[in-house]
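Structural overview for review
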Amino acid sequence: MTDLWTYLKNTDKKILLYGTGNGADKILDELLLRGITVSGVYASNDFVRNRTFRGFKVLSFDNARQMYGDFISLVCFGTQLPSVIGNIKQIAKISELYAPDVPVVDRDSIFDIDYARKNKEKLVAAYNLLADNMSKKVFENIVMYKLTGKLDYLFSIETPKEETYRLLNIGNNEVYADLGAYTGDTIAELLEYAGNYKGIIAAEPDLKNYKKLCLNTENLKNIACHNVCISKESGEMQFAMNSGRNSVVGKGNATVKTVNIDTLLCDTDVTFIKMDIEGQEKNALLGGEKVLSEKRPKLNIAAYHRNEDLFELPILINEINPNYKIYMRHHPYIPAWDTNFYIV
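These lines cover the structure that appears in this document, whether it is placed above or below. (Residues numbered from 1 in each chain as written. Predicted model: local features only at pLDDT ≥ 70, side-chain atom pairs only at ≥ 80, totals over all residues. Heavy atoms only, no water.)

So, on to the sheet that holds strand β6 (residues 96-98). Reading across the sheet, the 6 strands line up as β3-β4-β2-β1-β5-β6 and stay open at both edges, with mixed pairing between neighbours. Across the chains shown, the open sheet's two edge strands, defined by having one partner strand only, are β3 (52-53) and β6. (Pairing = 2+ DSSP bridges. Helix = DSSP H or I, 4+ residues; strand = E, 2+ residues; numbered from the N terminus.)

Before going further, it helps to examine the pairing of strand β17 (residues 339-343). Counting buried residues in β17 gives 5 out of 5 residues, a clear majority hidden from the surface. Of the two faces of β17, the one lined by T339, F341 and I343 and the one lined by N340 and Y342 are each fully buried. Taken together, the 4 bridges between strand β15 (residues 298-302) and β17 define a ladder with antiparallel strand orientation. Note that in β17 the partner of I301 across the bridge is F341. Note that strand β16 (residues 326-330) and β17 share 5 bridges and pair antiparallel. Note on β17: the bridge partner recorded for H330 is T339. (Buried < 20%, exposed > 50% of the residue type's maximum accessible area, 1.4 Å probe, protein only.)

Attention shifts here to the pattern of salt bridges. Under the definition given, this model contains 14 salt bridges. For the salt bridge of R54 with D29, the shortest nitrogen-to-oxygen distance reads 2.8 Å. Taken together, the residues span a long stretch of sequence, with R54 in the loop between β3 and β4 (56-59) and D29 in helix α2 (residues 22-33) at a distance of 25 residues. With relative accessibility at 39%, the residue R54 sits in the partly exposed group. Where D178 meets K274, a salt bridge forms, and the shortest distance between an N and an O atom there is 2.8 Å. Of this pair, D178 sits in strand β7 (residues 175-179) while K274 sits in strand β14 (residues 272-275), and the two are 96 residues apart along the sequence. This pair shows no difference in class: D178 is buried, exactly as K274 is. Linked through salt bridges whose partners overlap, the residues forming this network are K13, D70 and E96. (Salt bridge = Lys/Arg side-chain N within 4 Å of Asp/Glu carboxyl O.)

What follows covers the sheet that holds β7. Sheet architecture is open: 7 strands sit in the order β9-β8-β7-β14-β15-β17-β16, paired in mixed fashion. In this open sheet, the two edge strands, each paired with only one partner strand, are β9 (223-226) and β16. Ignoring which end each strand starts from, the neighbouring axes of this sheet average 15° apart. Bridging between β14 and β15 involves 4 bridges; their strand directions are parallel. Bridge pairing in β15 links F272 to K298. Set on the sheet, helix α10 (residues 185-194) makes contact with β7, β8 (199-203), β9 and β14; between it and β7 the angle comes to about 150°. (Axes fitted to C-alpha atoms, helices over the stretch in contact; angles between N-to-C directions. Contact = heavy atoms within 4.5 Å.)

Further remarks concern α2. With 12 residues, α2 should cover 16 Å at 1.5 Å per step; its first-to-last C-alpha distance of 17 Å lies within 8% of that length. Within α2 the residues assigned to the buried category are A24, K26, I27, L28, E30 and L31. Tucked inside the fold, the buried residues of α2 contact α1 (4-10), β1 (14-18), β3, β4 and β5 (71-75). Following α2 by one or two positions, G35 adopts a phi angle in the positive range, close to 75°. (Expected span 1.5 Å × (residues − 1).)

Our focus in this paragraph is the packing of aromatic side chains. Tallying each qualifying case throughout the model produces 12 aromatic pairs. Relative to F77, the ring of Y18 has its centre 5.0 Å away and its plane inclined at 90°; by these criteria the two rings are edge-to-face. Linking Y18 in strand β1 with F77 in the loop between β5 and α4 (82-94), this pair joins segments that are 59 residues apart in sequence. Residue classification places Y18 among the buried residues on the basis of a relative accessible area of 1%. Here the aromatic residues Y18, Y42, F61, F71 and F77 are joined through ring pairs into a cluster of three or more. When the ring centre of F155 is taken as origin, the NZ or CZ atom of K89, which lies over that ring, is 4.4 Å away. (Phe/Tyr/Trp six-rings, centres within 6.5 Å; stacked < 30°, edge-to-face > 60°. Lys NZ or Arg CZ within 6 Å of the ring centre and 35° of its normal.)

Such coordinate-based values are descriptive only and should not be taken to indicate function.
Quick look at the structure:
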């Protein structure tokens, strides 16, 4: 088969980016690196605003159609908003459209044909660890989406969040560890589905997010908030505080305290860990072998920050505790973000 990057290299059609910002920067950089020509950039009507992006005048979709006729659209931003996803689907009816997959962390590991071939054995091993047919379907479609950029592979495997809470059998007596708690949104989500809890341990490294987390949870009982980064070892590391979901570990001028899972949770009765820590998931698991092997808490682990997370995380979890059952689900999001492993 031909991956998206090879197809774009060989097409005679004009290629336009849909969207501006960090995602468009990453995709444009990869296209230029591969010698693929981009002809223009367009945005949704509310974001045109008579501006330029990387030397291109930002057009509306209608103006782009007038100027270039039939062209290829590349979605260059992430969204889970139904209205925006609906707009993307409408554009796809008019224009040939793809959403190139570039990892949130580590741009060097683009998931193309060569990457898939290089990691074939690990991909197969991870696939064989999955506990049900739906998980295997999700895994297959995520791989196909990454190779082709075709959004139908994502649309056909979407499941609602409430289904995963049933899968994890979340009750109202959990001791919940939210690692990468942001401003408390997933704590609110837990309360919505579980109704109650026994205790909450929340860790958030970004200082501004941490302050909002404390403010948003100040009325909750039995909660402990920590301004720390979860990693393999306890200590300190560099950290770029971006006050968003994409703060960068290992870069930046700030220093943040690090703690491993065993140190943070070994003396607790933790029953459920959610881990969304911007590509540090593998390191975090390596620092939590005692907790995972002895306490066997249920796990919700992000699977989309690094391409290798797709296979390295389930393989590692199985090595730490082979009694775990590993499920995989994708929730509505473009690109393949909000794809997670659910482990019981």
